[in-house]
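Analysis of the macromolecular model
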Amino acid sequence: MATLKELAQRPERFTGGHRACAGCGAPIAVRQVLMALDPEVPVITACATGCLEVTTTIYPYTAWRGSFIHSAFENAAATISGVETAYLALKKRGKIVDKPMKFVAFGGDGGTYDIGFQSLSGAMERGHDIVYICYDNNAYANTGIQRSSATPRGASTTTTPAGKVIPGKPQNRKDLTGIMAAHNIPYVAQASISHYMDLTRKVEKAFNTPGPAFINILSPCRLTWGTPPEETIDVARQAVECCFWPLYEVENGNWRLTYQPRERASYSDWLKRQTRFKHLFKPEVKQELLQELQAEVEERWAKLQARCGSENK
Amino acid sequence: MKKTVAYTGNEAVAFGMKQINPDVVAAYPITPQTEIVQIFSNFVADGLVDTEFVTVESEHSAMSAVIGAAAAGARSMTATSSAGLAYMHEVVYIAASMRLPIVMQVVNRALSGPINIHCDHSDAMGERDSGWIQIYAENAQEAYDNLLQAHRIAEHPDVMLPVMVCMDGFIISHALENIELNDDAFVQDFVGSYQPDHYLLDVENPLTVGPLDMFDYYFEHKRHQAEAMRKAKQVIIDVGKAYGEKTNRSYGLYETYQLADAETAIVVMGSTAGTAKAVVNELRKQGQKVGLLKLRSFRPFPHQELAQELQHLKAIAVLDRADSFNAFGAPLFTQTRAALYDLPDRPQMINYIYGLGGRDCDLSQIGQVYQDLQQVVAQGHGGEIVRYLGVRE
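Residues numbered from 1 in each chain as written. Chains lettered and ligands numbered in written order. Predicted model: local features only at pLDDT ≥ 70, side-chain atom pairs only at ≥ 80, totals over all residues. Heavy atoms only, no water.

1. What to know about the overall build of chain B
Within chain B, the secondary structure is distributed over 12 helices and 16 strands. For chain B, whose C-alpha radius of gyration is 21 Å, the value lies close to the compact-globule estimate of 21 Å for 393 residues. In terms of overall dimensions, chain B has C-alpha extents of about 70 × 55 × 45 Å along its principal axes. Across the 393 residues of chain B, 59% fall into the buried class. For chain B, the computed accessible surface area is about 15500 Å², with 50% contributed by carbon and sulfur atoms. Where the 30 positive side-chain charges of chain B centre and where its 48 negative ones centre are 7 Å apart. (Helix = DSSP H or I, 4+ residues; strand = E, 2+ residues; numbered from the N terminus. Rg over C-alpha atoms; globule rule 2.2 N^0.38 Å. Buried < 20%, exposed > 50% of the residue type's maximum accessible area, 1.4 Å probe, protein only. Areas by Shrake-Rupley, 256 points an atom, 1.4 Å probe, with all protein chains shown as cover. Lys, Arg positive; Asp, Glu negative; His and termini not counted. Charge placed at Lys NZ, Arg CZ, Asp CG, Glu CD.)

2. Here we look at the sheet that holds strand S7 (residues 248-251) of chain A
What links the strands of a sheet is backbone hydrogen bonding, and the strands pair in either a parallel or an antiparallel sense. Spatially, the nine strands line up as an open sheet ordered S8(A)-S7(A)-S5(A)-S6(A)-S4(A)-S3(A)-S1(A)-S2(A)-S9(B), and their pairing is mixed. Only two strands of the sheet have a single partner each, and these edge strands are strand S8 (254-257) of chain A together with strand S9 (208-209) of chain B. Contacts from helix H8 (residues 196-208) of chain A reach strand S1 (43-47), strand S3 (102-108), strand S4 (131-136), strand S5 (187-192), strand S6 (213-218), S7 and S8 of chain A within the one sheet, and its direction differs from that of S5(A) by about 160°. (Pairing = 2+ DSSP bridges. Contact = heavy atoms within 4.5 Å. Axes fitted to C-alpha atoms, helices over the stretch in contact; angles between N-to-C directions.)

3. Describing helix H10 (residues 232-241) of chain A
Of all 10 residues in H10(A), seven are buried; the element is thus mostly enclosed. A:Cys243 sits one or two residues past H10(A) and shows a positive phi near 70°.

4. As for the interface of chain B and chain A
Residue-level contacts link 44 residues of chain B with 44 residues of chain A. Summed over both partners, the interface of chain B with chain A buries about 3300 Å², with 59% contributed by carbon and sulfur atoms. Taken together, the connections running from chain B to chain A amount to six salt bridges. In this structure, A:Lys92 engages B:Glu52 in a salt bridge whose closest nitrogen and oxygen atoms are separated by 2.9 Å. The interface formed by chain B and chain A includes 22 residue pairs in polar contact (both at pLDDT 80 or more). Mapped by element, the contributors of at least two residues to the side of chain B that touches chain A are strand S3 (52-54), helix H3 (59-72), helix H4 (82-97) and S9 of chain B. (Buried area = accessible area lost by both parts, 1.4 Å probe. Salt bridge = Lys/Arg side-chain N within 4 Å of Asp/Glu carboxyl O. Polar contact = N/O pair within 3.5 Å; in protein donor to acceptor, adjacent residues only side chain to side chain.)

5. Topic: the pairing of S6(A)
Residues and elements named next belong to chain A. Counting buried positions over the six residues of S6 gives six, a clear majority of the element. Where burial is concerned, the two faces of S6 agree: the one with Ala213, Ile215 and Ile217 and the one with Phe214, Asn216 and Leu218 are both buried. Pairing geometry for S5 and S6, over six bridges, is parallel. Within S6, the residue paired with Ala189 across the bridge is Ile215. Handedness of the crossover joining S5 and S6 through H8: right-handed. (Right-handed = clockwise from strand over helix to strand, strands pointing away.)

6. Observations concerning the nonpolar core
With 120 residues, the main nonpolar core has A:Phe214, A:Trp270, B:Met63, B:Ile67 and B:Leu201 as its most contacted residues. Of all the elements, H3(B) adds the most residues to this core, at nine residues. Shared between two domains, this core holds at least three residues of each, these being domain 1 (3-247) and domain 2 (254-389) of chain B. Those residues in contact with B:Met63, other than ones at most four positions away along the chain, are B:Thr78, B:Met88, B:Val91, B:Val92, B:Ala95, B:Ile102, B:Met104 and B:Trp132. One finds B:Ala12, B:Ala14, B:Ile36 and B:Val187 within the second-largest nonpolar core, a separate group that totals 52 residues. (Core = buried A, V, L, I, M, F, W, Y, C linked by side-chain atoms within 4.5 Å. Domains from an automatic or database assignment.)

7. Side note on the pairing of strand S12 (residues 290-295) of chain B
The two faces of the sheet receive side chains in turn, since in a regular strand these alternate between them. Burial of S12(B) is extensive: six of the six residues sit out of reach of the surface. Burial along S12(B) is two-sided: the residues B:Val290, B:Leu292 and B:Lys294 and B:Gly291, B:Leu293 and B:Leu295 are all buried.

8. Quick word on the side chain of B:Lys18
Residues and elements named next belong to chain B. With respect to the secondary-structure elements, Lys18 resides in helix H1 (residues 9-20). The buried charged residue Lys18 lacks any salt bridge, with Asp184 as its nearest oppositely charged partner at 4.8 Å. Excluding residues that lie within four positions of it along the chain, Lys18 makes contacts with Phe40, Phe43, Leu48 and Val49.

9. A closer look at the domain arrangement of chain B
Where the parts come together, the accessible area they lose is often given as the size of the interface. All names here are of chain B. Looking at the assigned domains, one finds that chain B contains domain 1 (3-247) and domain 2 (254-389). Each side of the interface is counted separately: domain 1 has 27 residues, and domain 2 has 28 residues. It is Arg128, Glu138 and Lys233 in domain 1 that bury the most area against domain 2; as a group they hold 30% of the surface buried on that side. Where domain 1 touches domain 2, the interface holds five salt bridges. Here Glu138 and Lys277 are joined by a salt bridge, their closest N and O atoms 2.7 Å apart. Taken together, the connections running from domain 1 to domain 2 amount to 17 residue pairs in polar contact (both at pLDDT 80 or more).

10. Overview of unusual backbone geometry
The linkage connecting A:Tyr59 with the following residue, A:Pro60, adopts the cis geometry, with an omega of 5°. Looking at where A:Pro60 falls in the secondary structure, it is placed in the loop between helix H3 (51-56) and strand S2 (68-70).

11. Observations regarding the environment of B:Ala140
Residue and element names in this part refer to chain B. Looking at where Ala140 falls in the secondary structure, it is placed in helix H6 (residues 140-154). Considered as a pair, Ala140 and Glu263 are 123 residues apart in the sequence and their alpha carbons are 30 Å apart. Each residue touching Ala140, except ones within four places of it in the same chain, is listed here: Tyr7, Thr8, Gly9, Ala12, Ile172, Glu177 and Ile179.

12. Re the packing of helix H4 (residues 76-92) of chain A against H3(B)
Packed helix pairs are characterised by how far apart their axes lie and by the angle those axes make with each other. Interhelical geometry of H4(A) versus H3(B) gives an angle of 45° and a closest axis separation of 7 Å. On the basis of their axis angle, the class for H4(A) and H3(B) is oblique. Note that H4(A) runs across H3(B); the crossing there is right-handed. Here H4(A) contributes A:Ala78, A:Thr79, A:Ser81, A:Gly82, A:Val83, A:Ala86 and A:Leu90 to the contact with H3(B), which in turn contributes B:Ser61, B:Ser64, B:Ala65, B:Gly68, B:Ala69 and B:Ala72. A per-class count over the contact of H4(A) with H3(B) returns seven nonpolar, six polar and no charged. (Parallel < 35°, antiparallel > 145°, perpendicular 65-115°, else oblique. Left-handed = near helix turned anticlockwise from the far one by under 90°. Nonpolar A, V, L, I, M, F, W, Y, C, P; charged D, E, K, R; others polar.)

13. Structural notes on the packing of aromatic side chains
Residue and element names in this part refer to chain A. This structure, assessed with the given rule, holds 23 aromatic pairs over all chains. Seen in terms of ring centroids, Trp225 and Trp270 are 5.6 Å apart; in terms of plane orientation they differ by 90°. Their pairing is edge-to-face. One end of the pair, Trp225, is in helix H9 (residues 222-225); the other, Trp270, is in helix H11 (residues 267-272), and 45 residues separate them in sequence. Residue classification places Trp270 among the buried residues on the basis of a relative accessible area of 0%. Through a chain of ring-to-ring contacts, the aromatic side chains of Trp225, Phe244, Trp245, Tyr267, Trp270 and Phe277 assemble into a single cluster. (Phe/Tyr/Trp six-rings, centres within 6.5 Å; stacked < 30°, edge-to-face > 60°.)

14. Some details on the pattern of salt bridges
Evaluated as defined, the whole model comprises 39 salt bridges over all chains. Look at the salt bridges and you will find they share partners, linking B:Glu138, B:Glu142, B:Glu255, B:Lys277 and B:Lys294 into a network.

15. Topic: the packing of helix H9 (residues 272-285) of chain B against helix H12 (residues 363-379) of chain B
Residues and elements named next belong to chain B. At a minimum axis separation of 9 Å, H9 and H12 run at an interaxial angle of 60°. Classified by chirality, the crossing of H12 by H9 is right-handed. Here H9 contributes Thr272, Thr275, Ala276, Ala278, Val279, Val280 and Leu283 to the contact with H12, which in turn contributes Leu363, Ile366, Gly367 and Tyr370.

16. Notes on the state of the cysteines
All chains considered together, the criterion is met by zero disulfides over all chains. Looking at A:Cys242, it has no disulfide partner, and the nearest cysteine sulfur is the one in A:Cys243, 6.8 Å off. Using a relative accessible area of 0% as the deciding quantity, one classes A:Cys242 as buried. Residue B:Cys361 stays outside any disulfide, its sulfur separated by 11 Å from that of B:Cys119, the closest cysteine. (Disulfide = S-S within 2.5 Å.)

See the structure below:
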């Protein structure tokens, strides 16, 4: 695996000057992903409609040094599968130079968990040699922070506002990483921008595994989460430490935790620092609901540990 | 070397695809197009083509995958019908705006609801402003010939637009007809190889496709697209002529039948043109001056040419196998009528909406239309302008 020093010396495939918000997690995720790739190997990127796309390719500018395609919101996986197929077809016919290329698609949780779910499932099942990266910021951030199936229960969004009767989103999150593992594809992982070496290792594996790979990367949106821009990495780290976002991988069906928090951070503390959850603490602390939210995280963590064959510390 | 075989429209089109041997096909089955996908899958399985075939999970992904493949530099094809085309709708527009020369066989079928698997043109009409070229066939021979011309039209540097090649569901797609096939060598030569100027896999010259285009550039890009469609007219004519030089089957934007000295005529697209020709023959024997214009290219719409061809007529009936639900006329009618607006002496024009959901349009219905046209001429006015043919009122 590349060392941090080596990574730092690699030429940037994704340039500065794009128009993402200060403190946005998505470009951090993209930069780390593309940096993890062997600099000699060209990569073709597809992107779903969303924050990442609208802030990085405003005509006539582009933040992508390599070839890039955006088609629509729900079809990044199908689009990159077409690109990868063209590569096979043209290579076979000698129309392009026979050298390795990599194919990656980026989508937010809206474009991945929800509207692009079918396209993703289809592309994974077909076995294309592609890597799909979800930058999960827990909401439809681009359209102004509406709930997605990745939004945690209790979060206030513009379509699940914390009201007098309903305290934010009523439903729990969809376990997309688990669902992708259920596709029995060669490589599935969950990562966070806060743990960059873990992320780099996973991206390297994903690109070097023949066939489809999926990585779900926690990429906080400071507008959605209601955290200061300079705390993006820290709030992501705390999400990992409190086991809201465990880091793990499923390699050829083998589940493995890649990070075990030494000391469990409090889920409630993590919620408290984000304005999307402030109604859970003010004007009074909604103790019962907080316990239910905590229990849900515990249940998922326990299941994951069981799958990974390790004991809770 | 000419070879005559008995093929259904679907078999003819699938055979045409085999001869073209495109780089990438992505498609999803839907009645009445399904056979094309099945037959082509056999060609792939038996190694008769070396196309990469993507068995997508939906039509939306079919179009999305061919967009990716075409942008990557591959000659790409798909096929669909009805709800499948409607499901693609969003990405159909994107394919055209990206100026990707994709070829799609559309086997025309009614749109839901109510659900119906039979022929009308409502599916393709739903995409008429999507920026795709649309070419319609009268029979299996034309469906085959149109498909073989489509890539040359689409990939022409003046055009660079996707082409929808349309044939009537079941009426053409499932009916067995004698058709003349070209030999493989001719097709390979005629279609030629595809070398795009800019493509994603040209990694030495990286490309950003599909960026966000705001009010400062979007309009210019749409303007370029409109211009390409205008230029496509001449390319369709040139390609149709070149095809005819080798095959003795020439094509243009439209076909006229007994039109030069006609007093009344029908304008129609698709298989009903064949039925109408039979009626014209019959009425001509009786001394009636009736004619026909069969439109082949609906997009681009040859408005000046139609005005020229139709100006001498006293009355015209435009037959639409789709309704616009606009409380007026259907698409082919309103466009044809607009095309004739600048004529100093405009013919009377009426619209018949016919054959929806596969309702048979027989000789007697067409005979009725020519009879009605005589009445319009006698009365000197169109009377009821928009009419429905063969429906229980």
